[in-house]
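Residue strings, one per chain:
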Amino acid sequence: MNYNLRGRVKVTPITAEAIDSHVHFLPASFFELVREEEAGLGIINRAENGKNLLACGPGNNFAIPPVLTGPEQLIAELKKLGVYAAVLSPPPFIFNYHLPGDASALLAESVNRGLAGVVESFPLNFRAIGLLPMQEPDLALEVLDRGVDQYGLRGFAIGSNIAGRDLDNPDFYPVFARAEEKKAVIFIHPWDPMGGDRLSRPGLKSVLGIPMEAAAAGLCLILGGVIDRYPGLRFFLAHGGGALSFLAGRLKRFAEVRGETALNRKPEEYLRSMYYDSIVLSDPALQCLLSAAGSEQVLLGSDFPYHLGDTGDPHALQSIKNIRSLPAGDADHVTSLNARKLFFG
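Rules used throughout
- Residues numbered from 1 in each chain as written.
- Predicted model: local features only at pLDDT ≥ 70, side-chain atom pairs only at ≥ 80, totals over all residues.
- Heavy atoms only, no water.
- Salt bridge = Lys/Arg side-chain N within 4 Å of Asp/Glu carboxyl O.
- Helix = DSSP H or I, 4+ residues; strand = E, 2+ residues; numbered from the N terminus.
- Buried < 20%, exposed > 50% of the residue type's maximum accessible area, 1.4 Å probe, protein only.
- Phe/Tyr/Trp six-rings, centres within 6.5 Å; stacked < 30°, edge-to-face > 60°.
- Lys NZ or Arg CZ within 6 Å of the ring centre and 35° of its normal.

Oppositely charged side chains can pair when the atoms bearing their charge come close. Overall, the coordinates contain 10 salt bridges when judged by the stated rule. A salt bridge links D149 to K182; the shortest N-O distance between them is 2.9 Å. Taken as a pair, D149 in helix α4 (residues 137–149) and K182 in helix α5 (residues 173–182) lie far apart in primary sequence, 33 residues in all. The class of D149 is partly exposed, set by a relative accessible area of 41%. Given the relative accessible area of 23%, K182 is considered partly exposed. When the shortest N-O distance is used, the salt bridge between R178 and E181 registers 3.8 Å. Here E181 and R178 lie together in helix α5, a separation of 3 residues that amounts to about one turn. Judged by relative accessible area, which is 55%, E181 ranks as exposed. A network of salt bridges, in which partner residues are shared, links E109, R113 and R146.

In structure tokens, the structure reads:
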């Protein structure tokens, strides 16, 4: 389906109970572009053994379940999990920061336009986070402006590093400044984790690489002065910020030893200035995150439709209910109120 959107997309207020803020989706416009430009994008969509696959580079084949592309099916499946609204974002395997800037901008435009169309068609169920060609910050600014002003996107998903460049690299300052100005959320998803070949053993990338990469991104924002530079910019860390909440004590000790030269604020203030999804996959880990960040900074997330994989949470809503020490009001913030404030207001 093609969506010809003229002017900013208008959406109606949400009335949902539980809202999943980490749900991946790829619109039809993305697949139309892949069919037309697959050579230039390095992305191939093919069927194999009855499965719909997306090849994004040598050996990188990703399953494309129907709910990743069908909004009606997605709504039905989320309701089975007790979720009635969601924040849609592109999956990280299409970040493709190795592409030339013009190709990446074309890719982002197709995704952003399509996501906006889905929100326009299902305003009670969805809001959307778009894609940016972060490897070319000048182009990213153009895409960001169009995404917010024309398409009504609530934010943008970016990688935890941009082709090896950490997020405190000054190259990205103009993008963060514009996002702060436009009140766009920056959703940081771990991708291409540090560790290289040392993570080649089965399980290490999922169990160790992803959480450490997410934590590294958060620490770069803190120690690299990005949060101080852009205090109004709302950073949203996927997968609970990985190991970041567990490292709060080490960050505090670092600041104590290094004194005033290390941080401009108390470490806990930095941790409580960012937002996190709830995908930490154990009750003690979720309690640690809630203790470090506060219940008003954590949003329900599952990684749907990859919630059944080795990094998603198939019991996201139940995970919140399992924290018996969490007051009912705080649980409401995590399951819906924080998402309403951040994305549906």
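Next comes the rest of the description.
Once that is clear, we can look at the packing of aromatic side chains. Pairs of aromatic rings are described using the distance from one ring centre to the other and the angle between the two planes. Going through the model one piece at a time under the given rule, you end up with 11 aromatic pairs. Put simply, the rings of F62, F93, W191 and Y306 pair up and form one aromatic cluster. For R265, the ring lying beneath its charged end belongs to Y270, and the centroid distance is 4.8 Å.

No statement about biological role is implied by the geometric values presented.
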